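Topology and contacts: notes
Chain by chain, the residues:
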Amino acid sequence: MNKTGLLVVNLGTPDSWKRKDVKKYLAEFLMDGRVIDIPAWKRFLLVRGIIAPFRSKKVSLEYKKLWTDNGSPLLVYGQDLVKKLQSHYQENNEEVQVELAMRYQSPDISSVLERFKKNGVNNLVVFPLFPQYASATIGSVAQNVMEELTNWNAIPSVRFINDYHDHPQFIEAFYRKISKDIEAFKPDHILFSYHGIPERHLTNMQEQSKKLCKWPDCACETKNENKPLCYRSACFNTTRLLAEQLQLKPKAYTSSFQSRLGKSPWIKPYTDDTVEKLAKNGVKKLLVVSPSFVADCLETTLEIGEQYKELFIESGGSEFKFTESLNADDHWVKAIYDIVLA
């Protein structure tokens, strides 16, 4: 008898906002060779010797601002989402075990897979909470899951949901959020801000297969050059689909990329530069949406909601609003159910 397990995976969060836990989280996250793709010894010196020790104090203070009575928002939203998904399957009389895991820290993928094994799961579906494929996110999750499953005597059937950036119900779920804010806020301009990745990640994709990405000779920001598993192309395609749904004119919106780390070039345009430029060019009311995050976290609540807001006002803007993410929204729950079913 087939028993299905649905593994919902997000990036991760420290066990607490305290510095020691943040340092531990940063070390595990940044030591992943798919996140910082440099030789292991260089990565060790950089992460263990510089980034984790010196950034952990600042980052812990940011997590302290974010922390709730129930813990990290990313974990709380994930738990609520999984609970609703499980109820949805039960209401449809479907025997599917739904579990939440984090790629880094707790609940870790290994322990959650162990629960599946004890319950006799022989059909596994992995749903990473990243709409656009990137090696550093979905690729890392897939690698970790497969490494863990090699220890099983009976390896289950496994399916990965690698990309759903253009799925109609994903677009619809974000459209509902954005349209409400447009109606209430009436922005002059909408900025779609996506998490950035180093340019070399696209270069590596190009080296793997020319069919996947044309970087750097692409025009995905101006033409519909959607390529399978090309992160930058997928982000611009998500923007196009949302803009069409919202009936936005071309000059009414922009796409950009945030959260860069280090001195190496990341994919452009950068969100901070774009926010500043929009304000200086006369935009007074700016609405920012981040369709690469399906749950609010440091990068949305603080980086966008505080840092970019401050930059926009300082640069001449008047009003700034951020559209909250999908979190555990009922439309998002139904979207995941249908994406997995398809």
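Scroll up for the structure.
Remember, predicted model here, so these are calculated numbers, not experimental data.

Here we look at the packing of aromatic side chains
If you walk through the whole model with that rule in mind, you get 14 aromatic pairs. Aromatic pair F236 and F257: ring centres 5.7 Å apart, planes at 75 degrees, arrangement edge-to-face. With F236 in helix α8 (residues 231–246) and F257 in strand β6 (residues 253–258), this residue pair connects regions lying 21 residues apart in the sequence. A relative accessible area of 6% means that F236 is categorised as buried. The structure contains a cluster of three or more aromatic residues connected by ring pairs, namely F127, Y164, F170, F174 and W332. Over the face of the ring belonging to Y270 we find R260, whose NZ or CZ atom lies 3.7 Å from the ring centre. Over the aromatic face of F185 sits the side chain of K285, whose NZ or CZ is 4.8 Å from the ring centroid.

Re the pattern of salt bridges
Once the charged atoms of two side chains with opposite charge are near each other, the side chains can pair. For the structure shown, the criterion picks out 13 salt bridges. Here E306 and K65 are joined by a salt bridge, their closest N and O atoms 3.3 Å apart. Highlighted residues: E306 in helix α10 (residues 298–314) and K65 in helix α2 (residues 40–66), separated in sequence by 241 residues. Of the charged contacts in the structure, one is a salt bridge between K334 and D338, with a shortest N-O distance of 2.5 Å. In this pair, K334 and D338 are both assigned in helix α11 (residues 330–341), four residues apart and thus about one turn of the helix distant. With a relative accessible area of 35%, K334 lands in the partly exposed category. Exposure remark for D338: the relative accessible area of 15% places this residue in the buried category.

Considerations on the nonpolar core
Of all hydrophobic cores here, the largest spans 52 residues; its most connected members are L6, V8, L81, L85, F127, F192 and W332. A total of seven residues in this core trace back to one element, the largest contributor, which is α11. Excluding anything up to four places from it in sequence, L81 contacts V8, L129, N327, A328, W332, V333 and I336. The next biggest cluster of nonpolar side chains, apart from the first, holds 35 residues, and it includes L11, Y63, L66 and V141.

Overview of the packing of helix α6 (residues 168–185) against α8
Interhelical geometry of α6 versus α8 gives an angle of 55 degrees and a closest axis separation of 10 Å. When the axes of α6 and α8 are compared, the pair comes out oblique. Crossing geometry of α6 relative to α8 is assigned as right-handed. Contacts between α6 and α8 involve F170, I171, E172, F174, Y175, I178, S179 and I182 from the former and T238, L241, L242, Q245 and L246 from the latter. Broken down by class, the residue content of the contact of α6 with α8 amounts to nine nonpolar, three polar and one charged.

Parameters and conventions
Residues numbered from 1 in each chain as written. Predicted model: local features only at pLDDT ≥ 70, side-chain atom pairs only at ≥ 80, totals over all residues. Heavy atoms only, no water. Phe/Tyr/Trp six-rings, centres within 6.5 Å; stacked < 30°, edge-to-face > 60°. Helix = DSSP H or I, 4+ residues; strand = E, 2+ residues; numbered from the N terminus. Buried < 20%, exposed > 50% of the residue type's maximum accessible area, 1.4 Å probe, protein only. Lys NZ or Arg CZ within 6 Å of the ring centre and 35° of its normal. Salt bridge = Lys/Arg side-chain N within 4 Å of Asp/Glu carboxyl O. Core = buried A, V, L, I, M, F, W, Y, C linked by side-chain atoms within 4.5 Å. Contact = heavy atoms within 4.5 Å. Axes fitted to C-alpha atoms, helices over the stretch in contact; angles between N-to-C directions. Parallel < 35°, antiparallel > 145°, perpendicular 65-115°, else oblique. Left-handed = near helix turned anticlockwise from the far one by under 90°. Nonpolar A, V, L, I, M, F, W, Y, C, P; charged D, E, K, R; others polar.

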